[in-house]
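Understanding the architecture of this molecule
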Amino acid sequence: MTYILYLSLIIFIFFTQGEVTRHTITSPQQESTSDLTNCTLLSPGQSHIFNQSEEESPTGIQRRYRLTRDFVVENQYQIDFHLRFHASDDATFEIGPDIPPPSDLDEKGVDTPVRSDELNASMINRVNQCLREQRGRLRSTNGTTIILNLASAPESEPLQQVDIRITRAGSRSFANAWSRDIDCPTIVHELLHLAGLCDGYHEPTQIQLPSNSSTGPIESTHRYDCRSIETQTIMQNQWQAMQYEHYDLIICSQQPGLRLRRSATLPQNCPDGSPPLESHTRIKRSNLHTWINLNVANLSVVYAPHQLQDRAPLSPAQVRFITRPGCESQSARYIECSQNAYRTSINEGCLPVPDYCRDGGFLQ
């Protein structure tokens, strides 16, 4: 009898470790009554699904993800997203390894359901390749690591699907609208918006409004100039945080079917095993393709991000906000300073904030 009870206890523990709880966070006022429960860390192997609209989220950024605490690795969490990609009306596509051919769009540039499946599949492949390269690098100074992942069927079914439009190459990417040629650091940046994180950079675009006086000058400022600016995080500069500011490369004799290849780390030899003809270091990201076109002809190039130092792209406050989404008491400073993230001084006006919103203290 004792043996049966002991065996039943083991089975119960095994199944509860993999428990998945659907957790839809309510408004901050309702959440405060159960704050203690929501501030408790997940047990190893446990998962929660979080689903908040922009109106419900304390930062004004939707949160649509499943959070799982790793069963083996301490202080490691996995975030699963359920994405669906669609062609934008103004999108144009070129033939390439990850790009659907022009026939995937009708004459007006609008995708059909069948052709949209091919576009979706190509973008899913691109995102998965990026996340494999970045696995283990998305961490904070407090030692917590975040693994981003795209859930596949049937694991994706309980998750809220997020629809993302694919726009023309060279256009700016946003959380729900990605450029056709979006790069890997920007993919990671945009995915973290779906975990509720705000932008932390100086917005480059400007806004102009007429002054209150009919004869006064037109007021002009940068959009979202009320924002609390972050330093050295992926939400402030994804290329710098993920070490994509500069690239190293090797030039090889012409490899069959290879003109240009990006690698997570720079190999010592060319793809065919031969030593490189030349190697170059610290080429600025914005000049990379121009440099290659000017200096390399009829040869093959392999390039990789120049590794500067061991960096932590996420702040402790951002990790707490992601891993304890219902615990507003432990993310109070980050939430407070996020209230100005999408406000402009000459439009909505800036909300008064403490000094720690200006000196980066809210990120700790």
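A brief report on the enclosed structure follows. On a predicted model such as this, the values are computed, not experimentally measured, just so you know. (Residues numbered from 1 in each chain as written. Predicted model: local features only at pLDDT ≥ 70, side-chain atom pairs only at ≥ 80, totals over all residues. Heavy atoms only, no water.)

1. Some points on the overall build of the chain
Note the cut-off: Strands here mean DSSP runs of E at least two residues long; helices mean DSSP runs of H or I at least four residues long; both are numbered from the N terminus. Categorising residues by exposure relies on relative accessible area from a 1.4 Å probe, with only protein chains included: less than 20% of the type maximum marks a residue as buried, more than 50% marks it as exposed, and the intermediate range marks it as partly exposed. Whether two residues are in contact is decided by their heavy atoms: any pair within 4.5 Å suffices. Note that accessible areas follow from Shrake-Rupley with a 1.4 Å probe, and for residues the cover is restricted to the protein chains shown.
Along its length, the chain carries 9 helices and 14 strands. The buried share of the chain, reckoned over its 364 residues, is 47%. Long-range contacts, defined here as pairs at least 24 residues apart, represent 69% of the contacts in the chain between residues at least 6 apart. With the model as given, the accessible surface of the chain reaches about 19,100 Å², and the carbon-plus-sulfur share is 51%.

2. Topic: the sheet that holds strand 5 (residues 83–87)
Quick reminder of the rule: Strands pair, by our definition, only if DSSP identifies at least two bridges between them. What counts as an axis is a line fitted to C-alpha atoms, over the stretch in contact for a helix, and the angles between N-to-C directions run from 0 to 180 degrees.
Across the sheet, 3 strands lie side by side as 5-7-8; this open sheet has parallel pairing. Of all strands in the sheet, those bounded by a partner on one side alone are strand 5 and strand 8 (177–179). On average, each strand axis in the sheet is tilted by 35° relative to the strand beside it, whichever way the strands run. Pairing of strand 7 (residues 162–167) with strand 8, which is carried by 3 bridges, proceeds in the parallel orientation. Following the sheet pairing, Arg165 is matched in strand 8 by Ala177.

3. Focus: the pattern of salt bridges
Our working rule: The salt bridge definition used is simple: a Lys or Arg side-chain nitrogen within 4 Å of an Asp or Glu carboxyl oxygen.
Following the criterion strictly, the structure yields 5 salt bridges and no others. A salt bridge links Asp80 to Arg66; its shortest N-O distance comes to 3.1 Å. Of this pair, Asp80 sits in strand 4 (residues 76–81) while Arg66 is found in strand 3 (residues 63–69), placing the two residues 14 residues apart along the sequence. We classify Arg66 as buried; its relative accessible area is 9%. One salt bridge in this structure joins Glu203 and Arg172, with 2.7 Å as the shortest N-O distance. Highlighted residues: Glu203 in the loop between helix 5 (184–193) and strand 9 (206–210) and Arg172 in the loop between strand 7 and strand 8, separated in sequence by 31 residues. Take Arg172: its relative accessible area is 34%, and that puts it in the partly exposed class.

4. Describing the sheet that holds strand 12 (residues 260–262)
Pairing within the open sheet is mixed, and its 4 strands lie in the order 12-14-11-13. In this open sheet, the two edge strands, each paired with only one partner strand, are strand 12 and strand 13 (278–284). When the angles between neighbouring strand axes are averaged without regard to direction, this sheet yields 25°. Sheet analysis places strand 11 (residues 246–252) next to strand 14 (residues 300–305), joined by 6 bridges and oriented antiparallel. Across the sheet, the residue bridging to Cys252 is Ser300, located in strand 14.

5. A word on the pairing of strand 2 (residues 47–52)
Regular strands show a simple pattern: their side chains alternate between the two faces of the sheet. When you tally the buried positions in strand 2, you get 6 out of 6 residues, the bulk of the element. Strand direction decides the pairing type here: strand 2 and strand 3, joined by 6 bridges, are antiparallel. Looking across to strand 3, one finds that His48 is bridged to Leu67.

6. A word on the layout of surface pockets
Note the threshold: Using a grid of 1 Å spacing that covers the protein atoms alone, one calls a set of points a cavity when a 1.4 Å probe fits there but cannot get out, and a pocket when the set is open and has protein on both sides within 12 Å along at least five of seven lines; lining residues are those with an atom within 4 Å of a point. Grid points are joined across faces, edges and corners, and a volume is the space filled by probe spheres set on the points. Note on residue classes: Ala, Val, Leu, Ile, Met, Phe, Trp, Tyr, Cys and Pro are nonpolar, Asp, Glu, Lys and Arg are charged, and everything else, Gly too, is polar.
The space that makes up the second largest pocket amounts to roughly 230 Å³. Taken together, 16 residues form the lining of the second largest pocket, with Thr141, Thr231, Gln232, Thr233 and Ala312 sitting closest to its centre. Taken together, the residues of the lining of the second largest pocket sort by class into 6 nonpolar, 9 polar and 1 charged.

7. Thoughts on unusual backbone geometry
Positioned with a positive phi, Tyr224 is a non-glycine residue whose angle comes to about 60°. By secondary structure assignment, the location of Tyr224 is in the loop between strand 10 (218–222) and helix 6 (238–241).

8. Structural notes on the side chain of Arg63
Cut-off, in case you're wondering: Charged residues are defined here as Lys and Arg on the positive side and Asp and Glu on the negative side; His and the ends of the chain fall outside this count. In the analysis that follows, any N or O atom pair within 3.5 Å is treated as a polar contact, provided that within protein one partner can donate a hydrogen and the other can accept it, and provided that, for residues neighboring in sequence, both atoms belong to side chains.
As for its placement among the helices and strands, Arg63 is situated in strand 3. Within the buried core, Arg63 has no salt-bridge partner, and the shortest N-O distance to an opposite charge, that of Glu328, equals 5.5 Å. For Arg63, the side chain forms a polar contact with the main-chain oxygen of Pro325, separated by 2.8 Å.

9. Concerning the side chain of Gln318
Looking at the secondary structure, you find Gln318 in helix 8 (residues 316–323). According to the relative accessible area criterion, Gln318 is buried, its value standing at 0%. Reaching out from Gln318, the side chain makes a polar contact with the backbone nitrogen of Ser315 at a distance of 2.9 Å. Excluding anything up to four places from it in sequence, Gln318 contacts Leu197, Glu230, Thr233, Met235, Pro313, Tyr334 and Leu363.

These values are about where atoms sit, not about what they do.
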